[in-house]
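The residues making up each chain are set out below.
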Amino acid sequence: MRVAVDTSTEVGNRMVRVLLGESSVTYLGVLAGGVPNHSRSGPVDDLASFDVLISDGTSDFHFLVGRSSVAGIPLVLWNDLQPALAGSGYTPVIFGANVATALTAALSTHPVVSIAASDSVRVGWTEPGKPRRRGEPLHFPEPVGSSWGKRRKGAGFVVFRDDEWGGAVVDVQGETGRRIVGVADHSAYIEAITLAAVGILAAEGAYGPGTQAASANADQLLDRVTELELEVAAWRSTE
C-alpha cells in the first residue's frame, strides 16, 4: 500500500517510523513534515496514486479533507473532530485515531474482557499533566502501574502523567470475576501505533464513506495494534 502522511509532532514522526517498518507499506509520501531518509519515502504533492492520507492533526481540517476528497482516498485524523466539522460527504474521514478514543475501544473487544450487560466497566487512559493524589483507582501494566483517575466521559477516566510513560486499560467486574486488559509504554509510541494501525485499516478499505470514529472497527483495530507489536497485558480473577 502507498501511504501519504501530514505530520509535524512526535506522535506523527514515530508513526512514520512504524509505517516504514511494515513490509506492506511500499511507499510513504510526505505531504507536510520532515522527509525521512529512507528508500521508500519522499515528498509528495499529487495524492492520486495513494491509498490513504494520515494526519497527526496539526494541519487545517478543511485543507486535508479537500486533498483527500480530490484524490478519492480515506483521511485518518489523530484528533477528535468537533461536531461542526463533521459531514464530509462520500470520502471516508476517520477521526479519533488515538489512545483515549480508539485504543480503549479496541481493548474492550479483547476476549479476556468479554463484557456482559450486567458488568461494571471502567475505561482509563493517560494524558500529560500533574498526577492526582486521589480519585478513581485504576491499575495499568507497569511501568504506569496503579494510578488515580479523574472521570472524563461516560465510563472513562483520565490519569495524568508528568513523565514519558502512558497507557490504556479496561477494567471489568461482574459475575464471572474481574478482568483487566491494558497496555503501557512510551506515551508517544502508543499513540503512534494506534494512528498507524487505523491508517492501515483505512487503506485496506475497512471504513465506509463519510465521517466516522476510528473506534467503529474496534475489533479489527485490536488485531492491527498487536500485529504492530504493541504488547497487550491481560489478567483475570474468578474471585
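Below is a short write-up of the structure. (Residues numbered from 1 in each chain as written. Predicted model: local features only at pLDDT ≥ 70, side-chain atom pairs only at ≥ 80, totals over all residues. Heavy atoms only, no water.)

Re the sheet that holds strand E10 (residues 156-161)
With mixed pairing, the seven strands of this open sheet are ordered in space as E8-E9-E10-E7-E11-E12-E14. The two strands at the open ends of the sheet, each matched to only one other strand, are strand E8 (136-139) and strand E14 (233-237). Each strand of the sheet is rotated relative to its neighbour by a mean of 30 degrees, with strand direction disregarded. Pairing of strand E12 (residues 177-186) with E14, which is carried by five bridges, proceeds in the antiparallel orientation. Residue pairing across strands places Ile180 opposite Trp235, the latter belonging to E14. In the packing of helix H4 (residues 187-203) onto the sheet, contacts are made with strand E11 (165-174) and E12, and the angle to E12 comes to roughly 105 degrees. (Pairing = 2+ DSSP bridges. Helix = DSSP H or I, 4+ residues; strand = E, 2+ residues; numbered from the N terminus. Axes fitted to C-alpha atoms, helices over the stretch in contact; angles between N-to-C directions. Contact = heavy atoms within 4.5 Å.)

Description of the packing of aromatic side chains
With the rule as written, the count across this model stands at one aromatic pair. Geometrically, the ring pair formed by Tyr27 and Phe50 is tilted, given 6.3 Å between the ring centres and 50 degrees between the ring planes. Separated by 23 residues along the polypeptide, Tyr27 in strand E2 (residues 27-32) and Phe50 in the loop between strand E3 (41-43) and strand E4 (52-55) bring together distant segments of the chain. The exposure class of Phe50 is buried, given its relative accessible area of 4%. Sitting over the face of the ring of Phe50, Arg2 holds its NZ or CZ atom 4.5 Å from the ring centroid. (Phe/Tyr/Trp six-rings, centres within 6.5 Å; stacked < 30°, edge-to-face > 60°. Buried < 20%, exposed > 50% of the residue type's maximum accessible area, 1.4 Å probe, protein only. Lys NZ or Arg CZ within 6 Å of the ring centre and 35° of its normal.)

Brief notes about the nonpolar core
Core analysis: the biggest nonpolar cluster contains 52 residues, and Leu19, Val76 and Leu103 have the highest contact counts within it. Ranked by the residues each element gives to this core, the list is headed by H4, at twelve residues. Each residue touching Val76, except ones within four places of it in the same chain, is listed here: Val52, Leu53, Ile54, Ser55, Ile94, Ala97, Leu195, Val198, Gly199 and Ala202. Residues Phe61, Leu75, Leu77 and Val93 belong to the second largest nonpolar core, which totals 15 residues. (Core = buried A, V, L, I, M, F, W, Y, C linked by side-chain atoms within 4.5 Å.)

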